[in-house]
Amino acid sequence: MICSLLILIRQDIFAEFGKLTILVDNVPGSELIGIPLNAPLSEYERVYMLPLLSIKMNKGTGIVTSVPSDSPDDYAAFIELKKPNKQQYYGLKPEWIEPFDLLPIIEIPGLGTCAAKTMCEKLGVQGPGDAERLAEAHDVVYTQGFYKGVMVTGKFVGKPVQEAKVLCKALLVSQGLAMTYLEPDKEVISRSDDECVVALVDQWYLVYGEPEWKAAVSKHVNETMDMYNPAVLSAFNDTIGWLSEWACSRSFGLGTRVPWDQQFLIESLSDSTVYMAYYTIAHLLQGGDITGQTVGPSGLSAAQCTDELFDFVFLDKPAPAGLSAEPLAAMKREFAYWYPMDLRVSGKDLINNHLTMSLYNHAAVWPDKPELWPLSMFTNGHVLVDGKKMSKSEGNFITLGDACERFSADATRFACADAGDGNDDANFAMETVDMAIKKLVKELDWMKSELDKGAETANGDPTAEFADKWFTNEMLRLARGCKESFERMQFRAALKFGFHEFQEARDKYRLLVAAPNPELIKQFVRWQAQLLAPICPHWSEAVWEMLGLPGCIVLARWPNLSQPHDPALEAHGNYVFGAVREMRSELDKKIMSAKGVKPPKPERARIYVARKAPEWKVLTVQVLLEHFDADSCTLLPSAMQALGKTDELKARGKHPSIFAATLRAELEGCGGDAVRARAAFDLAPPFNEVAVLLANERYILSALDVTHVQILHDESEDVPEPKALESASPLKPVIVWLAADGTLAFPAPAGGGGGGKPAGGGGGGGKPAPASGEAGGKPVPAPAGGGKGAAKGTAKVPAKDYVERHQLAEALHDAVNAAVLAQPEDALSFIADELRKRAAAQKGGK
């Protein structure tokens, strides 16, 4: 209330500006209760002052007209005050409340003419203290009312609320029933810790919304500038859209005098928008003295730096008289060399003012030379420490100097780079900075150790040729990704490519070969130092010296990336590492799920590779393509039903539907990319899988921890587990684990042999049925359990054994999965049909 008075006396409402005359002081609010009042434009001639606990006392006068028909807070208070006990509590008379009813003012589609009552009843508002529900009701009623509401009473009946609001305000002011009053949206505290008020004073404005000026800036932002982030570009466009009249002057403080009105100063945001141009010549005028008290190399004093001098340097106007031509030419040359500004880095909160104003003012100063306007701007968020805002009370307040002293400059820079890209608040994580210290020290020790070894090679290693080529190719790919990330100001991504994945590639290479190529290791060390130099320059400089290379690394050229990257070689590596990872995962699962005595560790393995897809998969793809929506890159709901109606696929049981489910999941991961979606249907392997696996046999043996591995395919003469080969598909090999004597390490369920799960991400049609032959299992004993068909007098087997023997869990799982994929109306009937089909297929196979 006091703040509102301080604003009122500064807005030409009272006779004397800024003077507050107190007529009555310290009137308790309780004495105002029950005072009769006239509410402008109301149907009631007289209303009474009543209490409202939710009123904001720091907004306006703290007294508002109650509108219970369209304000949920007012409605809740109105209903509450109708209760006798509340009237008694506040000392209210019934005649102040009882005669009044809700007056329809606005009609809102779906909410009627008393929207507040409708929403409060709908949400079950319990009373004025139900803040959460009232806030929800308030948002709905006020938003819907403003955008969709229509007036149903008063002078503006039939008009939309958006129009009526403006007309009603003008009417009240013209009749002397209201006055225009301005105040901040929220509390504003100055740097001197004073509460700010809005004062109506003489003011100069910059009209940033002027159409021609605005169009030129908008064109430059959208056609020439690089904002590095679509969200930042959108924020600039939004600001250009609303930024209009901006008060560019003030009466006191620091700043430059307004040239045409010396009583005013140019406010700081308006005055600091083309200072980058001054940066280009500051060294000539000031000689490094930030105070400006020293005459720089140009020999020009501050008094000689007139408007004419700057007009000559920046605007190509005639040279000022009486000054030496040499320093003027030097300044002009420096400005022409360095301008335009290639990049401006700033906080995201300045998009709405300073940064956009900078663009406007460049366009105003150089209207015919857009080539001198800024070329790019990058903005960032604020900094958090371990996910929390820095605060001395939290004990997490740390300055840049403190961080460098505590962690070292490089570890601090590492954590800053890893803190996040874009406009989101960056998170400086203590865990990351600790990890950086350990990793950098450990890596430095490893590099020194490797470089001290000299030239050690592994003679006769058949894997080396592929591994060397793959590692060279990976270093090239990652170095390019790192470079592109730096160019896009994405430091976290640069760290990902240039350190984390670069280290991972080195580690994989060391697993591929018996002894790494020393020249490649030396290249890795050199490139690692160069890629990390922008983030960790001191660490990189230490590596540079360790390599004995001349000069400083900060002056060294970026690695030569002219050699083309080989996508096929990258795919070979991804295939090998992915397949082995899946095989190891399957082995761990088999060991963990083994029942009874823990099985011995497999000593041997057979890997089955499908050089081409089986006919049923080719047919499945053909059917699915007929039900593929190319626009959305998704399978139509009719796809699964079509599979079930294809006779050739029915004999394959569950496998086509499971394969189709895998393909559907792959399509969903394409994100609408048509090229990737079409590639998902391609069953032809893009390279010779057998050759790639054979080339990396040493790595496979080491990674799988076996002594022997046999790689078989569909043209192999001897195929011990035909079902395993059948389960394999291109790029998804199947592994069968063997004991030292060549028998199955994990005997399959009774009735078949040793198929495995497809490696490399599935797609092989689920767990294959056991095969006969060398890897076959023991004959299945006759059922001993009860139920229909059970022999009388025989003992029931344990429930778990019974479920496993008859594969009940698998049958139900497959039936439910099929239902989820097909999504029929009657799910239970569908599942029952699936189980009947499965039973018929089993009977037919016996």
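Residues numbered from 1 in each chain as written. Predicted model: local features only at pLDDT ≥ 70, side-chain atom pairs only at ≥ 80, totals over all residues. Heavy atoms only, no water.

Engineer: Break down the overall build of the protein for me, citing the residues and quoting the values.
Structural biologist: Counting its secondary structure elements, the protein contains 32 helices and 19 strands. In terms of overall dimensions, the protein is more spread out than a globule: its C-alpha atoms have a radius of gyration of 39 Å, far above the 28 Å expected for 846 residues. The C-alpha extent of the protein, read off along each of the three principal axes, is 110 × 90 × 50 Å. Taken across its 846 residues, the protein has 37% of its residues classed as buried. For the protein, the share of sequence-separated contacts (at least 6 apart) that also reach a separation of at least 24 residues comes to 65%. Surface summary for the protein: the accessible area is close to 48,200 Å², and the carbon and sulfur share equals 55%. Taken together, the 87 basic and 110 acidic charged side chains of the protein have centroids lying 8 Å from each other. (Helix = DSSP H or I, 4+ residues; strand = E, 2+ residues; numbered from the N terminus. Rg over C-alpha atoms; globule rule 2.2 N^0.38 Å. Buried < 20%, exposed > 50% of the residue type's maximum accessible area, 1.4 Å probe, protein only. Contact = heavy atoms within 4.5 Å. Areas by Shrake-Rupley, 256 points an atom, 1.4 Å probe, with all protein chains shown as cover. Lys, Arg positive; Asp, Glu negative; His and termini not counted. Charge placed at Lys NZ, Arg CZ, Asp CG, Glu CD.)

Engineer: Any details on the packing of aromatic side chains? Residues and values, ideally.
Structural biologist: Within this structure, the stated rule accounts for 30 aromatic pairs. Between Trp213 and Tyr360 the ring centres are 5.0 Å apart and the planes differ by 85 degrees, which places this aromatic pair in the edge-to-face class. You can see Trp213 sitting in helix 7 (residues 211-223) and its partner Tyr360 sitting in helix 13 (residues 351-365), a full 147 residues away along the chain. By the burial criterion, Trp213 is buried, and Tyr360 matches it. A ring pair is formed by Tyr228 and Phe378, whose centres lie 6.0 Å apart and whose planes are at 75 degrees; its orientation type is edge-to-face. (Phe/Tyr/Trp six-rings, centres within 6.5 Å; stacked < 30°, edge-to-face > 60°.)

Engineer: Account for the environment of Leu704, naming residues and giving values.
Structural biologist: Within the secondary structure layout, Leu704 lies in helix 28 (residues 697-704). The sequence separation of Leu704 and Arg581 amounts to 123 residues, and the corresponding C-alpha distance is 9.0 Å. If near-sequence neighbours (up to four positions away) are discounted, Leu704 is found in contact with Val580, Met583, Arg584, Ile735 and Trp737.

Engineer: Please give an account of the pairing of strand 19 (residues 734-738) that cites residues and values.
Structural biologist: Counting buried positions along strand 19 yields five of five residues, so the element is predominantly enclosed. Of the two faces of strand 19, the one carrying Val734, Val736 and Leu738 and the one carrying Ile735 and Trp737 are both buried. Here strand 15 (residues 604-609) pairs with strand 19 via five bridges, running antiparallel. Looking at the pairing, Tyr608 lines up with Val734 of strand 19. (Pairing = 2+ DSSP bridges.)

Engineer: Quick rundown of the pattern of salt bridges? Include the residues and the values.
Structural biologist: Within this structure, the stated rule accounts for 28 salt bridges. One salt bridge connects Asp647 with Lys650, and the closest N-O pair in it is separated by 3.6 Å. Linking Asp647 with Lys650, this pair stays in helix 24 (residues 647-650), spanning three residues, or about one helical turn. Across this residue pair, the class does not change: Asp647 and Lys650 are exposed. Where salt bridges share partners, they join Glu80, Lys83 and Lys86 into one cluster. (Salt bridge = Lys/Arg side-chain N within 4 Å of Asp/Glu carboxyl O.)

Engineer: Give me the sheet that holds strand 12 (residues 383-385): which residues, what numbers.
Structural biologist: The strand order across the open sheet built from three strands is 13-12-14, with neighbouring strands paired in mixed fashion. Whereas interior strands pair on both sides, the edge strands pair on one side only; in this sheet they are strand 13 (388-389) and strand 14 (426-428). Bridge count for strand 12 against strand 14 is three bridges, and the pairing is parallel. Paired with Leu384 across the two strands is Asn427, which belongs to strand 14.

Engineer: Just give me the short version of the environment of Asp185, but keep the residues and values in it.
Structural biologist: Among the structural elements, Asp185 can be located in the loop between helix 6 (161-174) and strand 5 (205-207). Take Asp185: its relative accessible area is 76%, and that puts it in the exposed class. On a C-alpha basis, the gap between Asp185 and Asp101 in space is 32 Å, while along the polypeptide they are 84 residues apart.

Engineer: Give a description of the side chain of Glu689 that names residues and reports values.
Structural biologist: Turning to its location among the elements, Glu689 is positioned in helix 27 (residues 689-695). Nearest to the buried, unbridged Glu689 among oppositely charged side chains is Arg611, at 8.4 Å. With sequence-adjacent residues up to four places away left out, Glu689 is seen in contact with Tyr575, Val609, Ala610, Ser729, Pro730, Leu731, Lys732 and Pro733.

Engineer: Give a description of the side chain of Ser71 that names residues and reports values.
Structural biologist: Structurally, Ser71 can be placed in the loop between strand 2 (47-48) and helix 2 (72-81). Ignoring any residue separated from it by four or fewer positions in sequence, one finds Ser71 in contact with Ala116 and Tyr142.

Engineer: I'd love a proper account of the nonpolar core, names of residues and values included.
Structural biologist: In this structure, Ile607 and Trp737 are the most contacted members of the largest nonpolar core, which totals 77 residues. The dominant element in this core, judged by the number of residues it contributes, is helix 17 (residues 464-487), at eleven residues. (Core = buried A, V, L, I, M, F, W, Y, C linked by side-chain atoms within 4.5 Å.)

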